Amino acid sequence: MSEPTPAPRGSARFRSPVVRWGPYVLLGVVLVVALAIGASRQPKKNLSERTQAIAATIKCPQCTDESMATSNAPTSVAGRAEIARRLQAGQSSAEIRAFFASRYGDSVLLTPKGSGFDALIWILPVIVLVVGFAGLTAAFVRWRRLAPAAPTAGDRELVDEARHRTDDPPPSDEPDEPEADDEPPSSDEPDAEDQP
Amino acid sequence: MTARPDAPVPPRRHRSRVVLVAAAAVGLVVVGLIVLLATSQKPEDSADSPLLGHPAPALVGTTLTGKPFSLSSYQGKFVLVNFFGSWCQPCQQEAPELRKWALEHNAKGDATLVNVVFNDTPDKVKSFFAAHGGASWPVLSGNTDSLALDWGVSKAPETFLVTPNGTVVWKTIAPVSQAELDQLLATGTAAATTTTTGK
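Residues numbered from 1 in each chain as written. Chains lettered and ligands numbered in written order. Predicted model: local features only at pLDDT ≥ 70, side-chain atom pairs only at ≥ 80, totals over all residues. Heavy atoms only, no water.

1. Thoughts on the nonpolar core
Now for step 1: By size, the foremost hydrophobic cluster in this structure holds 43 residues, and its most contacted members are L59, V81, F83 and W151 of chain B.
Now for step 2: Take this core: its biggest share by element is 6 residues, from strand β3 (residues 78-84) of chain B.
Now for step 3: Each residue touching V81 of chain B, except ones within four places of it in the same chain, is listed here: L59, V114, V116, W151, E158, T159, F160 and V162 of chain B.
Now for step 4: Listed in part, the 16 residues of the second largest apolar core include I58, A69, I96 and A101 of chain A. (Core = buried A, V, L, I, M, F, W, Y, C linked by side-chain atoms within 4.5 Å. Buried < 20%, exposed > 50% of the residue type's maximum accessible area, 1.4 Å probe, protein only. Helix = DSSP H or I, 4+ residues; strand = E, 2+ residues; numbered from the N terminus. Contact = heavy atoms within 4.5 Å.)

Pasting the structure below:
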């Protein structure tokens, strides 16, 4: 098996690390900055909007598959009033959600907590993403190492055999057409000797 | 088709081992989740509540007769807090049992029943008690939705037992019977006596 010769410096195949990794680093920086800006620049919400936002994360105690934000069941109406009262008293979203969990259990929370067993809900997708990305990267690196597959002697033999087969015209019952035989070979067809 | 004589042979054995380990790991996680879900299933009439073993939430309001009520003024007695609605079939079923229990223990002076109206109107509740022989115990009416929220009530009936020192020790979402409540109170009294005497 013939080894591929290393590309000379300055050729298309040789690229400095900056040229090679620069776009990826730039992409990562843009992504992180955009996420940071998006996360930090939340628009100011009024009491009603904050109440609705928290109520949307709490299950209506009397309903099936409905949040406290959209339900008009008496406990949901009372729940929204309780959320507004607690917000005015200066409690945080986490404290208010903890209050409802202390009364109805954790199952009343529509978005799982970020601690204990529930934290797996948030952690697992990240782990799967990281492991998947690492796996793909490893696979790409491995394929890249195998990539410049130079033709072997066996490959050349196979190609030669195939070309010889196509060069020999199949036997035909029809009479020969001398005009066709006299035509020069098409310029579109590459010469066998030009093939690598 | 002729096989390429010099083609690189992929490390099949290594790859199959990796696949086997990955499949085993995924299978283990799936089995674990199934076991977790199967064991965390609760019966339909489960009476689990985060309030159990904790101080009872405040229970303050106005009775059907217009008198102020506060649970804190019942310190030293067992209090059975029953959330109910006149529209609720199990509530109608348990009403005679609750009445017998309440009358018996009101006479003894060791326990009291407190009804809290859930998702109902005072007029309908008055008709309900008129049909069930009246109520000589407090029946909280009016703005009771916030009380239901505070006690973690989501449907009717839901019944809680509060000890003389104000701790919630029992809850059920099924209709109760006098015999069941008496047995519960006897157990609770024995436990309270053991605690107070230090035995």
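2. Brief notes about the state of the cysteines
Now for step 1: Under the defined criterion, the tally for this structure stands at 2 disulfides over all chains.
Now for step 2: Residue pairing for C60 of chain A: its cysteine sulfur links by disulfide to C63 of chain A, the two sulfurs lying 2.0 Å apart. Around the S-S axis, the bridge from C60 of chain A to C63 of chain A shows a dihedral of about 60° and counts as right-handed.
Now for step 3: Taking the relative accessible area as the measure of exposure, C63 of chain A reaches 19% and is therefore buried.
Now for step 4: The disulfide partner of C88 of chain B is C91 of chain B, and the gap between their sulfur atoms is 2.2 Å. As the torsion about the S-S bond is roughly 85°, the C88 of chain B-C91 of chain B disulfide counts as right-handed. You'll find C88 of chain B and C91 of chain B in the same group, each marked buried. (Disulfide = S-S within 2.5 Å.)

3. Section: the packing of helix α3 (residues 74-88) of chain A against helix α4 (residues 93-104) of chain A
Residues and elements named next belong to chain A.
Now for step 1: Close contact between α3 and α4 brings their axes to 10 Å; oriented N to C, the two are set at 140°. As summarised for this structure, α3 and α4 are arranged oblique, according to the angle between their axes. The way α3 lies across α4 gives a crossing that is right-handed. Packed against α3, whose contacting residues are T75, G79, E82, I83, R86 and L87, the element α4 presents I96, F99, F100 and Y104 at the interface.
Now for step 2: Here the contact of α3 with α4 is composed, by residue class, of 6 nonpolar, 2 polar and 2 charged. (Axes fitted to C-alpha atoms, helices over the stretch in contact; angles between N-to-C directions. Parallel < 35°, antiparallel > 145°, perpendicular 65-115°, else oblique. Left-handed = near helix turned anticlockwise from the far one by under 90°. Nonpolar A, V, L, I, M, F, W, Y, C, P; charged D, E, K, R; others polar.)

4. Overview of the interface of chain B and chain A
Now for step 1: Of the residues lining the interface, 18 residues belong to chain B; the matching set on chain A comes to 21 residues.
Now for step 2: Where chain B meets chain A, there are 1 salt bridge.
Now for step 3: D150 of chain B serves as the salt-bridge partner of R103 of chain A, at 3.8 Å between the closest nitrogen and oxygen.
Now for step 4: Linking chain B to chain A there are 3 residue pairs in polar contact (both at pLDDT 80 or more).
Now for step 5: Of the residues contributing to the side of chain B that touches chain A, the split by class is 9 nonpolar, 5 polar and 4 charged. (Salt bridge = Lys/Arg side-chain N within 4 Å of Asp/Glu carboxyl O. Polar contact = N/O pair within 3.5 Å; in protein donor to acceptor, adjacent residues only side chain to side chain.)

5. Description of the packing of aromatic side chains
Two numbers describe a pair of aromatic rings. These are the distance of the centres and the angle of the planes.
Residue and element names in this part refer to chain B.
Now for step 1: Applying the stated criterion across every chain yields a total of 11 aromatic pairs over all chains.
Now for step 2: Pairing F83 with W151 gives two aromatic rings, centres 6.2 Å apart and planes at 50°, and the pair type is tilted. Of this pair, F83 sits in strand β3 while W151 sits in the loop between α4 (145-150) and β6 (158-162), placing them 68 residues apart in sequence.
Now for step 3: When its relative accessible area of 0% is taken as the criterion, F83 is described as buried.
Now for step 4: W151 gets classed as buried once you look at its relative accessible area, which sits at 0%.
Now for step 5: Consider the rings of F83 and F160, whose centres lie 6.1 Å apart with planes at 80°: the pair is edge-to-face. One end of the pair, F83, is in strand β3; the other, F160, is in strand β6, with 77 residues separating them in the sequence. (Phe/Tyr/Trp six-rings, centres within 6.5 Å; stacked < 30°, edge-to-face > 60°.)

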